[in-house]
Each structure stands twice: as C-alpha cells, then as structure tokens.
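Notes for the structure review
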Amino acid sequence: MDVLVVGAAALYDHIFPVRELPSKGRVAEILATRPTEGNAYFGGCAFNIAVTMTKLGAGCALMHAVGADFPGSDYEKYLGGQGISLDGIQVHRELQSGHAFLFYDRQGETLCFSYPGAASEPLSLDRLNTFLDQVSMVVIAPVFSPSSARIIQIARNYPLKLAACGIAAAELMPFLGQIDILIANQYEIQSLCQACGADGPFELGPSL
C-alpha cells in the first residue's frame, strides 16, 4: 500500500444543469438532459482521489466515515473492485452517508449544497499508526475535519509525504509548515492567502 487518503465529505454527487443560477428568492429551472439527471453518482473528493491514484498504479487505502447505506452498496463493491483497501472505513449505522447537490449553468458557474451525514462525525484514529507504517504518503481532503490536526501531528513522526487537497479553511493555516504538498484551486488559494495575510500563493510555504 502506497497512499492513505483521509476524507470527511459527501460520498454521492447529484449533478443538475440549470438555465441560470438563482438570485435570492428566485427559482432556477433544471435542464434535465438525460434520464439519469440528478441521480446519485459515485463521488466524494477522497474517494475520487483514491480511485484515480489506484488507476495510476498506486496502492490506496481510504479512511472515511460513512453511513448505514454504504455497507453492501454498489459503491462499496466498486471501490473494492478497484483494489482500494476499505479497512479504514468507519460505519455510523445511525446516520446516512453524505450527499452533495451541485447545480451548474451554461457558463460553468456552480452552486453546491452538501449534506455531510456521517462525515461530520470525528474519525477514530485507533488504527492510524497501522496504516502509517505501510504508506509513503497521506492525503487529507477536502475539508479540515476535527481529526485532521491530530492526523497531521501523528503523520509527521513517520518518513512520509503529507498532502492537503481542496482545503480552504483557515484552520489549516497553523499546519501549512508541516504539509509537503498543497493542492488547491484559485478560490481555495485566495481564501488561504486572506486567512494568513499572504500577498500570493508562494508565501504559503508548501509546493503547489
């Protein structure tokens, strides 16, 4: 196993094209272009990263909180079929897994609503050291969860690379010096620069 991907967000994505994004108090018309429009797609940043890295030849494991709808699901079977280790998946049977609802217009502008579900629960780190003994990289995505700070502190005791992906939270700032790779879009970079008073991304420290 090469990479441990730690996540705290939605598992399933619902994607809708709209004529235009609504202003306050207005209604947006959904443009259904195919019968499956709006259905739940396999998604989630951490899961997408693990699948992509696996297809590129890396051995991946996932650490993520899921709900009662995940065990035995087609998504679980798909991830297992990709060779991804699910030993770090933590099931909260009293909750549902997270869902994201993304709306986009013809200009590519987006509006997203997210229900985190089980992903809002803190991760148990009881088995973290077992995973860290086996990997050469840890990727944390896409939010800075209550467990993220502790994971970073523990991971720094191991000879591995630490990456953060898609995180714009100011809570990440005290840990930037401990992160080797920061992957972020323009909005996320701007948010982090504003949070720490930096004039540009290269003042943030890690490789971009």
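Residues numbered from 1 in each chain as written. Predicted model: local features only at pLDDT ≥ 70, side-chain atom pairs only at ≥ 80, totals over all residues. Heavy atoms only, no water.

Points about the overall build of the chain
Looking only at helices and strands, the chain has five helices and 10 strands in total. For 208 residues, the compact-globule estimate of 2.2 N^0.38 gives 17 Å, and the chain sits close to it at 18 Å. Along the first, second and third principal axes, the C-alpha set of the chain runs to 50 × 50 × 35 Å. Residues classed as buried in the chain amount to 47% of the 208 residues present. Here the analysis covers contacts within the chain between residues at least 6 apart in sequence; of these, 65% occur between residues at least 24 apart. When the accessible area of the chain is evaluated, it comes to approximately 10,800 Å², of which 52% is carbon and sulfur surface. Computed over 12 positive and 20 negative side-chain charges, the separation of the two mean positions in the chain equals 4 Å. (Helix = DSSP H or I, 4+ residues; strand = E, 2+ residues; numbered from the N terminus. Rg over C-alpha atoms; globule rule 2.2 N^0.38 Å. Buried < 20%, exposed > 50% of the residue type's maximum accessible area, 1.4 Å probe, protein only. Contact = heavy atoms within 4.5 Å. Areas by Shrake-Rupley, 256 points an atom, 1.4 Å probe, with all protein chains shown as cover. Lys, Arg positive; Asp, Glu negative; His and termini not counted. Charge placed at Lys NZ, Arg CZ, Asp CG, Glu CD.)

Re the sheet that holds strand β6 (residues 99–104)
Taken in spatial order, the four strands line up as β3-β2-β6-β7 in an open sheet, and their pairing is mixed. Strand pairing shows two members of the sheet lacking a second neighbour, β3 (40–42) and β7 (110–115), which therefore form its edges. In this sheet, neighbouring strand axes are inclined to one another by 30° on average, regardless of whether the strands run parallel or antiparallel. Pairing analysis gives three bridges linking strand β2 (residues 12–17) to β3, with the strands arranged antiparallel. Among the inter-strand pairings, histidine 14 is bridged to a residue of β3, identified as alanine 40. (Pairing = 2+ DSSP bridges. Axes fitted to C-alpha atoms, helices over the stretch in contact; angles between N-to-C directions.)

So, helix α4 (residues 148–155)
Extensive coverage of α4 is indicated by the burial of six of its eight residues. Every buried residue of α4 is listed here: Ser148, Ala149, Ile151, Ile152, Ile154 and Ala155. Buried residues along α4 sit against β1 (3–7), α3 (128–132), β8 (137–141) and β9 (161–165).

As for the nonpolar core
If you look at soluble globular proteins, the nonpolar side chains tend to sit buried side by side. The biggest cluster of nonpolar side chains holds 34 residues, and the ones touching the most others in it are Leu4, Leu132 and Val138. A total of five residues in this core trace back to one element, the largest contributor, which is α4. Here valine 138 is in contact with Leu4, Val6, Leu132, Leu160, Lys161, Leu162 and Ala163, once residues within four sequence places are set aside. Counting 24 residues, the second largest nonpolar core, distinct from the first, contains Tyr12, Phe47, Ala58 and Leu62. (Core = buried A, V, L, I, M, F, W, Y, C linked by side-chain atoms within 4.5 Å.)

Topic: the pairing of β9
A large share of β9 lies buried, amounting to four of its five residues. This β-α-β element, β8 to α4 to β9, shows right-handed connectivity. Pairing of β9 with strand β10 (residues 181–183), which is carried by three bridges, proceeds in the parallel orientation. Bridge pairing in β10 links alanine 164 to leucine 182. (Right-handed = clockwise from strand over helix to strand, strands pointing away.)

Examining the pattern of salt bridges
Enumeration over the complete set of coordinates arrives at two salt bridges. Residue aspartate 180 pairs with arginine 156 through a salt bridge whose shortest N-O separation is 3.1 Å. Here aspartate 180 is found in the loop between β9 and β10, whereas its partner arginine 156 is found in the loop between α4 and β9, with 24 residues between them in sequence. The class for arginine 156 is partly exposed, based on a relative accessible area of 27%. (Salt bridge = Lys/Arg side-chain N within 4 Å of Asp/Glu carboxyl O.)

Re the sheet that holds β9
Taken in spatial order, the six strands line up as β5-β4-β1-β8-β9-β10 in an open sheet, and their pairing is parallel. Here the strands that pair on one side only, and so sit at the sheet edges, are β5 (85–92) and β10. Recorded for the sheet is a direction-independent mean angle of 15° between the axes of neighbouring strands. Here α4 sits on the sheet and contacts β1, β8 and β9; the angle it forms with β8, its principal contact strand, is near 165°.

Focus: the environment of isoleucine 183
Relative to the helices and strands, isoleucine 183 is located in strand β10. Owing to a relative accessible area of 44%, isoleucine 183 belongs among the partly exposed residues under this scheme. Linking isoleucine 183 and proline 17, residues 166 residues apart in sequence, is a C-alpha distance of 27 Å.

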